[in-house]
Protein chains: 2
Amino acid sequence: MAKETKTGKSGRGTLIIIGGHEDHNDHRVILKEVASRIKDGKLVLATVASHEPDGYLEKYRSSFAALGVPDVTELYIDERDQAAMDDKLERLRQVKAVFFSGGDQLRITSLIGDTPIYRQIHDIFADGGVIAGTSAGASAMSETMLVRGRNASSFRIGDISMATGLGLLPNVIIDQHFAERGRIGRLIGAVSQNPRVLGIGIDEDTAIVVQGHQFRVIGSGAVYLVDGGDVTHSNIAEASTEEALSIYDLRLHVLSSGDTFDLETRRPVREPHKEG
Amino acid sequence: MAKETKTGKSGRGTLIIIGGHEDHNDHRVILKEVASRIKDGKLVLATVASHEPDGYLEKYRSSFAALGVPDVTELYIDERDQAAMDDKLERLRQVKAVFFSGGDQLRITSLIGDTPIYRQIHDIFADGGVIAGTSAGASAMSETMLVRGRNASSFRIGDISMATGLGLLPNVIIDQHFAERGRIGRLIGAVSQNPRVLGIGIDEDTAIVVQGHQFRVIGSGAVYLVDGGDVTHSNIAEASTEEALSIYDLRLHVLSSGDTFDLETRRPVREPHKEG
């Protein structure tokens, strides 16, 4: 069962959460997956995460046209009051798929959070549509999101930078460009704050396809699940800001293409072909 | 109880295993720890890991002189036959402390492995001396060592590059520059090959001080322990070389300064001041 979303409707749709830099030229596994779920040929590309989304529309339009999705239009706003404009809402009423491109996840949430656009996106999801997001668009999916944090560094107690996300996927924290930018430290830091959230770190050109409470991994990299449920000790609440985090007994799963994970049991789902 | 080393003598000494870039200018916590254990003022700096160790001796000599170790001499060889030279062995007979500087761990093992120098170093350790190593000098401590592997990348099945190490610390694989170079992927890969080894990833300016079967963490970063003992599935033996590793149920501990770990029980040691 999908959990209730913040708008009060149960999400029956599909989330495709991408770790950034999905392939546009070669095997295009991830964009094919998105395209295969769009039956009416219509997609809204939400470029709101970017200050300068020049070229994004052309790039995605070209890629999706080749994959059988001819009708791609852009949703871009620069101020919150634009998020109530009739033409933008009208377009969202006509589609069943939205793709958030990369940039800064705080732009997504600060510009559309609690606006009519935000509610329309939740409605699309609740009605069985597809919400995809790459990079910043991936991070923004969760209830609480990581907004920044050091790359290639162990977590320091003072490195807290979280914000409220779009609330499409509860009880998780999502990080992207994961192995490529050395982000295990900051994801562990986020989980240490409250192990109620499951940490999900997604590599570039890699995605999770979420339906109900399960997801499947696609793409060329790995997905890291950091589960703090059994943690026996951490210094997150005690140490001074420049100290390095200490945390014992995390559970870590590394998943790759074809693996399936259950978000309710927090366990990988063993399928016959994966038995070794 | 310390385990038997490969030379057949039980190591009663201290290993100080450093993740690279230990501070030389400011707090110098790690070099102070090394210096505090040298009672006779004599240290051999083994620069054999480096092709061009110019300047290493001057740098360490200056740092150690300021910390009360006035007599630092260099051990450098370029060919295996130099590892039997009398003057080098005579110097090693006079000291109780050796410090391996950085470079390429394969140079250390290929040049001194099974030579009289190698046996002399084991004797120093067995007799209660100090063997320290930073960066490549850290990796070389274990029975089997990581020699190379992609940074900032998830592990691919074909990314195997291991070699026989100095054998001073059994049952572990050590990696260094750990968070800084995004090396969790390759350490997990090494552990996946045989979970008998415990993965130890050490950040820069961070070290573990090993005595018997316990170690303590010092320095400014973190130490990651990757324990594959409870792993329920991995595709390491089945998947093709370019596929990403999949592995379930790793246990991960992140330790920082002051934390203690037991290598026999594979558990952090909870001390009263760490109780939260």
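Scroll up to find the structure.
Conventions used here
Residues numbered from 1 in each chain as written. Chains lettered and ligands numbered in written order. Predicted model: local features only at pLDDT ≥ 70, side-chain atom pairs only at ≥ 80, totals over all residues. Heavy atoms only, no water. Helix = DSSP H or I, 4+ residues; strand = E, 2+ residues; numbered from the N terminus. Rg over C-alpha atoms; globule rule 2.2 N^0.38 Å. Buried < 20%, exposed > 50% of the residue type's maximum accessible area, 1.4 Å probe, protein only. Contact = heavy atoms within 4.5 Å. Lys, Arg positive; Asp, Glu negative; His and termini not counted. Charge placed at Lys NZ, Arg CZ, Asp CG, Glu CD. Pairing = 2+ DSSP bridges. Axes fitted to C-alpha atoms, helices over the stretch in contact; angles between N-to-C directions.

> Describe the overall build of chain A, and please don't skip the residues or the numbers.
On a plain count of helices and strands, chain A comes out with 7 helices and 16 strands. Taking 276 residues into account, the globule formula puts the C-alpha radius of gyration at 19 Å, and chain A, at 18 Å, falls close to it. A total of 276 residues make up chain A; the buried ones form 61% of that total. Intrachain contacts of chain A at a sequence separation of at least 6 include 73% that bridge at least 24 residues. Charge separation in chain A, taken as the distance between the mean sites of 31 positive and 39 negative side-chain charges, equals 3 Å.

> Any chance you could break down the pairing of strand S4 (residues 97-100) of chain B for me, citing the residues and the numbers?
Residue and element names in this part refer to chain B. Every second residue of S4 is oriented toward a common face, with Ala97 and Phe99 on one face and Val98 and Phe100 on the other, all of them buried. Looking at chain direction, strand S2 (residues 42-46) and S4 are connected through 3 bridges and run parallel. When the bridges of S4 are listed, leucine 45 appears paired with phenylalanine 99. Bridging between S4 and strand S5 (residues 130-134) involves 4 bridges; their strand directions are parallel. By the bridge assignment, phenylalanine 99 is partnered in S5 with alanine 132.

> Give me the lowdown on the sheet that holds S4(B), citing residues and values where you can.
All names here are of chain B. Strand order in the open sheet made by the 9 strands is S3-S2-S4-S5-S1-S10-S11-S15-S16, with mixed pairing throughout. Edge positions in the sheet fall to strand S3 (71-75) and strand S16 (267-269), since each has one partner strand and no second. Along the sheet, successive strands turn relative to each other by an average axial angle of 25 degrees, direction set aside. Running at roughly 135 degrees to strand S11 (residues 214-219), helix H1 (residues 29-36) makes contact with strand S1 (14-18), S4, S5, strand S10 (206-211) and S11 of the sheet. Against the sheet, helix H2 (residues 56-66) makes contact with S2, S3, S4 and S5, and its axis sits at roughly 160 degrees relative to S3, the strand it touches most.

> I'd love a proper account of the environment of B:His21, names of residues and values included.
All names here are of chain B. Inspection of the secondary structure puts histidine 21 in the loop between S1 and H1. Spatially, the C-alpha atoms of histidine 21 and glycine 102 are 9.2 Å apart, while their sequence positions differ by 81 residues. Sequence-distant contacts of histidine 21, defined by excluding residues within four places in its chain, comprise Thr134, His177, Glu204 and Asp205.

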